[in-house]
Amino acid sequence: EKQNEQIEKQNEQIEKQNEQIRALQAAVRGLQAATDTRRQGEASTDIVADDGKEASALELDAVKVQGDKPVEGEGEGSGDAADDDDAGVSLEANVWDAFLAVVVSHSRYGAFTCCEYAMLVILFILNACLQGLFLLAIGRTMSGTPFSSDTTKAMLFHRLADYHHLDRADLAHMQTRAEMLCNGDVHSRLSGTWDDVSTYLQVDSEGASVSGQVVSLIAISIWTLVTSKEVSRTCELIQAVLVLPSRGGGETDLSGGVGTVSELRLLDKACALLLVLAPRLVTAGLLMTIGSYWLACTSNVSDLILNACALEIVKDMDELLFESLMTKRAQGTIEQIKIGAPKVALGSDPSGSEAPAGSRSSLCSLLASPRMAQVVMVFRFCFVIAAVCLFNMVFLDPIVADINEARRVTCTGPRDFVYAEHPNTLLPLFAELDQTEEDTNAMRCFYAAKYDMLLMRASFDPLYSDRNETLIELVAGTHATCSDKPGMAAASGEVPCPSYKLSIVQDALKEDDFAGSRFCQDEEIMLTVFRLTCLNDYFTNTFPGLSHLSDTLTCAEVYANGLCTCSGHECEPTDDYTMPDGLMWNYNLADALRRICPQSCGACDSVAAAEAIPSSPGSGAEDGGNSSQQGPPIPSEGNSSQQGPQSGSENGSNTSNTNGAGSSTNGTSSGANGTSNGPPQQPSDGGR
């Protein structure tokens, strides 16, 4: 009896639970009906407000549920998932989706007003034109390998013909221009190209670094992911249109601006696929491919970010146009529209009549199945990986190979040789810049003095001596004691400053017999700059004989101290250049001083230096001291003592500021290094 009583109580509890379940099911059905009624009422209210007249509520394709019981085997979770899967694809606020809504609707001005429809057609055409023109511009003008075979050939020719020429070398530091280029000490178009190459390949980088190829591959991967999202979105819309039931005379009315497109005629499907979805899919694929190619062709790493941002703007062009120019009402209307098949229970027909089980096509069932969603997910992942690998192999690898070739032709191989044209054969005559060679070390200060004179003329501080305002005025020819005519300084008591009128300089360049012309005179200002530069520790440490210039202030003292002659006569390469103090002098230095002081050293035809100055070297110190009183008005050398180069260290690390040696010879040359007797040319490109 007790067991029977317990069983009866359990049965009563079960019956109460069943009643609660039935009540909950009824409440759910009531809520669904109320929700549908409210949505229809809101749609009717919107139409009345917009058109100013009564309008019928939008007829929605509601979900018809057969019976009160859920499908066997499905719980609450599976039912929710099914709701989401069958709800369709929601449209977004962009030109493509809005035009698709118009195409699938037979009520032409249903979802939009007449003006909105016209604007939408204009935006659709404008979006297609803008994206198409940009893709065409990238493919034809903005892309392409930055270092083609013709470009690398031109770079190699420019390096060999220009950057290895003797006239372009920095003889003050014994560096070719090619060496300076690879060290980053040259500013030119080729140096800018080399900066891009070295940065991309991380040449001589210290510590952890990421090459440009890795950065480009990351950018291509991100862009592929971004565009694959657009491709997936388009494929979802294509799938949604394909699985819609086809009705020969059915119409889809979006006049309420909200609802689900539940059926389409075959003609509507064809128009949606051919006019909207197919062009959208092609555009997304072209953006992915051409955009990846453009990113691969970007050799400047800093430009990758800018190019990627430009691609993103082009991809979002349809959204920008729609959100900027369409009304808020139209934007809200599009976001409320869905495309998808209605929820139909197995064995029923959307029209309400019974249909045999399994009447839904196998293709639609397959596309709507949960397993297909997992297959699509795996396919998307494989597609992105395959696309990135393909773009790396087809686009990026050839570009990297071209950049490596540009590096090879620019800064590989020997870079320490220079060449000049053979005076007889006119073919290249080569020399190697050796910083340990005595003859070249002796003349390094001479070439540095050329650039210091240019700096002084431009009112900049010299590199190898302290700033001297008086000397700068004398070099510029603005000092009161400067002579305005060559050859007249001695008679007028003025100083022969190296600055004249243009016509006088042109006459000097045209002079064939320099020794017999009025231009053959002692250049005291040039001697001062030359002396101050050579007495810098940077040069005296490499050639100690330059210390003989410390007690040589004027051209007369140059001759008296035997620095421009050998035993009273013009020096020859075979003469002995051992000075009385045991230090070596140099033939090229003697020849350079003879050209700077031609009158005192007897190089002018109209003057015999031996008549006024003792001929024995070193014996005229007293006379030299007296003659020094007639020199230019230059302050004492206290401020030009042994200072290192102002923009570099004593080991020659200031190569980035001294390229003034690049001047061609204007007259005859003597010695192995071709000492110039003409005025220095302007610095090479980049103001070196």
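Because the structure is a prediction, the values reported are computed rather than measured. (Residues numbered from 1 in each chain as written. Predicted model: local features only at pLDDT ≥ 70, side-chain atom pairs only at ≥ 80, totals over all residues. Heavy atoms only, no water.)

1. Remarks on the state of the cysteines
Here is step 1 of the chain: Following the criterion strictly, the structure yields six disulfides and no others.
Here is step 2 of the chain: Across a sulfur-sulfur distance of 1.8 Å, Cys182 and Cys411 are joined as a disulfide pair. The disulfide joining Cys182 to Cys411 has a torsion of about -105° about its S-S bond and is therefore left-handed. Of the two residues, Cys182 is situated in helix α6 (residues 177-182) and Cys411 in helix α14 (residues 370-411); the sequence distance between them amounts to 229 residues. We note that Cys182, like Cys411, is buried.
Here is step 3 of the chain: Disulfide partner of Cys555: Cys597, at an S-S distance of 2.1 Å. On the S-S bond that ties Cys555 to Cys597, the torsion sits near -65°, and the link is left-handed. (Disulfide = S-S within 2.5 Å. Helix = DSSP H or I, 4+ residues; strand = E, 2+ residues; numbered from the N terminus. Buried < 20%, exposed > 50% of the residue type's maximum accessible area, 1.4 Å probe, protein only.)

2. Thoughts on the confidence of the model for the protein chain
Here is step 1 of the chain: Residues of the protein chain with pLDDT of at least 70 account for 72%, and the chain-wide mean is 76.
Here is step 2 of the chain: In this model residues 607-631 is a low-confidence stretch, pLDDT under 50, and it forms 34 contacts with partners more than four residues away in sequence or in other chains.
Here is step 3 of the chain: Below a pLDDT of 50 lies the segment residues 635-688, which in the model reaches 148 contacts outside its immediate sequence neighbourhood of four places, other chains included. (pLDDT = per-residue confidence, 0-100. Contact = heavy atoms within 4.5 Å.)

3. Quick word on the packing of helix α10 (residues 301-315) against helix α11 (residues 317-325)
Here is step 1 of the chain: At a minimum axis separation of 4 Å, α10 and α11 run at an interaxial angle of 55°. As far as their axial angle goes, α11 and α10 are oblique. Here α10 contributes Ile313, Val314 and Lys315 to the contact with α11, which in turn contributes Met317, Asp318 and Leu320.
Here is step 2 of the chain: Partitioning the contact of α10 with α11 into residue classes produces four nonpolar, no polar and two charged. (Axes fitted to C-alpha atoms, helices over the stretch in contact; angles between N-to-C directions. Parallel < 35°, antiparallel > 145°, perpendicular 65-115°, else oblique. Nonpolar A, V, L, I, M, F, W, Y, C, P; charged D, E, K, R; others polar.)

4. A short note on a negative patch on the surface
Here is step 1 of the chain: Side chains of Glu1, Glu5, Glu8 and Glu12 sit close together on the surface and give a patch of like negative charge.
Here is step 2 of the chain: Here Glu5 shows up in helix α1 (residues 2-51). (Patch = residues over 30% accessible without salt bridge, like charges linked within 9 Å, V, L, I, M, F, W, Y side chains within 5 Å. Areas by Shrake-Rupley, 256 points an atom, 1.4 Å probe, with all protein chains shown as cover. Salt bridge = Lys/Arg side-chain N within 4 Å of Asp/Glu carboxyl O. Lys, Arg positive; Asp, Glu negative; His and termini not counted. Charge placed at Lys NZ, Arg CZ, Asp CG, Glu CD.)

5. Section: the environment of Ser299
Here is step 1 of the chain: With respect to the secondary-structure elements, Ser299 resides in the loop between α9 (266-296) and α10.
Here is step 2 of the chain: Residue Ser299 is classed as buried on the basis of its relative accessible area, which comes to 12%.
Here is step 3 of the chain: Filtering out sequence-adjacent residues up to four positions away, Ser299 remains in contact with Pro146, Phe147, Asp196, Tyr200 and Ile403.

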